[in-house]
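Chain and residue survey
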Amino acid sequence: MRFLLQSCGFLLLTFMVASCERHRSIGCPHDATLKTYKQWKESTRFPYTAPRARQEQIANSIEKVGVGSTKKDFVEALGEPDYEEEMYPKEHDRPCIGYEFTYYFEKAEDMANEKLDKRVEAFFSPNGKATWIVSNVSGIREKGSPTTK
């Protein structure tokens, strides 16, 4: 019975990894010059507060980018994001639906906290054009929409 459970666990893990690999092969490659969430998390101590100069750069330059701006435009205006994530639909074997850049001002802990995590998020189409910019940082207004195509 133990062997059967171990085998089933291994098969499930193998299936999950294969599924993720198949999922990732359809679409958006990660920009190797930008950190992944895992890389950012491993290099960050919590609670995290971005340096004042970084916060000011983002707040003072956010109006330079908008819907239609490229990922390169964001990096030039705001600096590199804390991390980039590729976005995939929940259905298997569907192509990537875009990218997300996250710029944290503050992050209390390594758990999502909608109230305490102060950030700017930019969402991009698969071709790298911004569709939605949203923030819970005072003074930074939303641009675009999550339904913008």
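This write-up is about the structure you can find in this document. Computed from a predicted structure; not experimentally measured. (Residues numbered from 1 in each chain as written. Predicted model: local features only at pLDDT ≥ 70, side-chain atom pairs only at ≥ 80, totals over all residues. Heavy atoms only, no water.)

For the rest of this paragraph, the subject is the pairing of strand β5 (residues 130–135). When you tally the buried positions in β5, you get six out of six residues, the bulk of the element. As defined by bridge partners, strand β4 (residues 118–124) adjoins β5 across five bridges and the pair is classed as antiparallel. Each residue of the ladder has a partner; that of F123, found in β5, is W132. Turn length for the β4-β5 hairpin, with the two strands adjacent in sequence and antiparallel, is five residues, and the turn residue G128 shows positive phi of about 85°. When β5 meets strand β6 (residues 143–144), the two strands line up antiparallel, connected through two bridges. Paired with I133 across the bridge in β6 is K143. (Buried < 20%, exposed > 50% of the residue type's maximum accessible area, 1.4 Å probe, protein only. Helix = DSSP H or I, 4+ residues; strand = E, 2+ residues; numbered from the N terminus. Pairing = 2+ DSSP bridges.)

Negative phi is the rule for most residues except glycine; trans is the rule for most peptide bonds. Cis rather than trans, the peptide bond between F46 and P47 has omega equal to 0°. By secondary structure assignment, the location of P47 is in the loop between α2 (37–42) and β1 (48–49). Non-glycine residue D93 carries a positive phi angle of around 60°. Residue position: D93 is located in the loop between β2 (83–87) and β3 (98–107).

Our next topic: helix α3 (residues 52–61). The set of residues buried in α3 consists of R54, Q55, I58 and S61. On an axial view of α3, the arc spanned by its buried residues comes to 155°, and they lie on one face. Set apart from the buried face of α3 by more than 90 degrees, the exposed residues are R52, A53 and N60. Tucked inside the fold, the buried residues of α3 contact β1, α4 (71–78), β3 and β4. (Arc of directions from axis to C-beta. Contact = heavy atoms within 4.5 Å.)

Here the focus is the state of the cysteines. Inspection of every chain in the model, using the stated rule, returns one disulfide. Two residues, C28 and C96, share a disulfide whose sulfurs are 1.8 Å apart. With the S-S dihedral at roughly -90°, the linkage between C28 and C96 falls on the left-handed side. Taken together, the positions of C28 in the loop between α1 (2–24) and α2 and C96 in the loop between β2 and β3 put the pair 68 residues apart, joining distant regions of the chain. (Disulfide = S-S within 2.5 Å.)

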